[in-house]
Amino acid sequence: RIKGYNSEHEWGDFSTLEDIKVEEIMNDPPETPTIDGPASGKPGTAYSYTFKTTDPDNNQVYYYIEWGDGEIVDWDGPHDSNVEITLSHTWSEKGTYILKAKAKDVHDEESGWETLTVSIPRSKTVIDNLFPRFQHLFNILQNFIKNIYR
């Protein structure tokens, strides 16, 4: 025996319930999204990435994104199927990060994961590289210039 609400919103047992219609929704998950954007960059710089998926049932979709540094985008959307979205992210420290994205449709059917490896090396300037290697030459040049202008 089961109980449920009838049309008068009263509890009833199986014998007092009205006909129950059960419809099965045919739904396929969205395709694994694509990720397009730079695979390397500098710490502290914002980079834009595009994400795109197609839902075979043309349902609207949401995106779940893990940037690889602990930051996530928790089901951004809804967005139309087969339409690119663009999101930006800034990595604050050097390292190699695995950017991951998946999609789900409005019926909570999820795609597989797509990944993109992003390398954020330490920023260096030309002077940062040259000065430690040739410090003695800079000292000689500095003394030479001082002697010229005496």
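Before reading on, note that the structure itself is shown above.
Please read these numbers as outputs of a predicted model, since none were measured by experiment. (Residues numbered from 1 in each chain as written. Predicted model: local features only at pLDDT ≥ 70, side-chain atom pairs only at ≥ 80, totals over all residues. Heavy atoms only, no water.)

(A) Fine view of the packing of aromatic side chains. A complete count under the given rule lists eight aromatic pairs for this structure. Measuring from centroid to centroid gives 6.4 Å for Phe51 and Tyr63, while their planes differ by 45 degrees, and the two rings are tilted. Of this pair, Phe51 sits in strand 4 (residues 46–52) while Tyr63 sits in strand 5 (residues 61–66), placing them 12 residues apart in sequence. The buried category is assigned to Tyr63, whose relative accessible area is 0%. Measuring from ring centre to ring centre gives 6.1 Å for Tyr64 and Trp113, while their planes differ by 75 degrees; the resulting arrangement is edge-to-face. Remark: Trp113 occurs in the loop between strand 8 (95–105) and strand 9 (114–120) and Tyr64 occurs in strand 5; sequence separation between them is 49 residues. What makes Trp113 partly exposed here is its relative accessible area of 35%. (Phe/Tyr/Trp six-rings, centres within 6.5 Å; stacked < 30°, edge-to-face > 60°. Helix = DSSP H or I, 4+ residues; strand = E, 2+ residues; numbered from the N terminus. Buried < 20%, exposed > 50% of the residue type's maximum accessible area, 1.4 Å probe, protein only.)

(B) Region of interest: the pairing of strand 5. Note: strand 5 against strand 6 (residues 72–79), four bridges, orientation antiparallel. Looking at strand 6, one finds that Tyr63 is bridged to Asp76. Here strand 5 folds back onto strand 6, and the loop between the two strands holds five residues, one of which, Gly68, carries a positive phi near 90 degrees. Sheet analysis places strand 5 next to strand 8, joined by six bridges and oriented antiparallel. Counted as the bridge partner of Glu66 is Lys100 from strand 8. (Pairing = 2+ DSSP bridges.)

(C) The arrangement of the side chain of Thr53 in detail. Here Thr53 lies in the loop between strand 4 and strand 5. Residue classification places Thr53 among the buried residues on the basis of a relative accessible area of 2%. Not counting residues up to four positions away in its chain, the partners in contact with Thr53 are Pro30, Glu31, Thr32, Pro33, Val61, Tyr63, Ser81, Asn82, Val83 and Ala103. (Contact = heavy atoms within 4.5 Å.)

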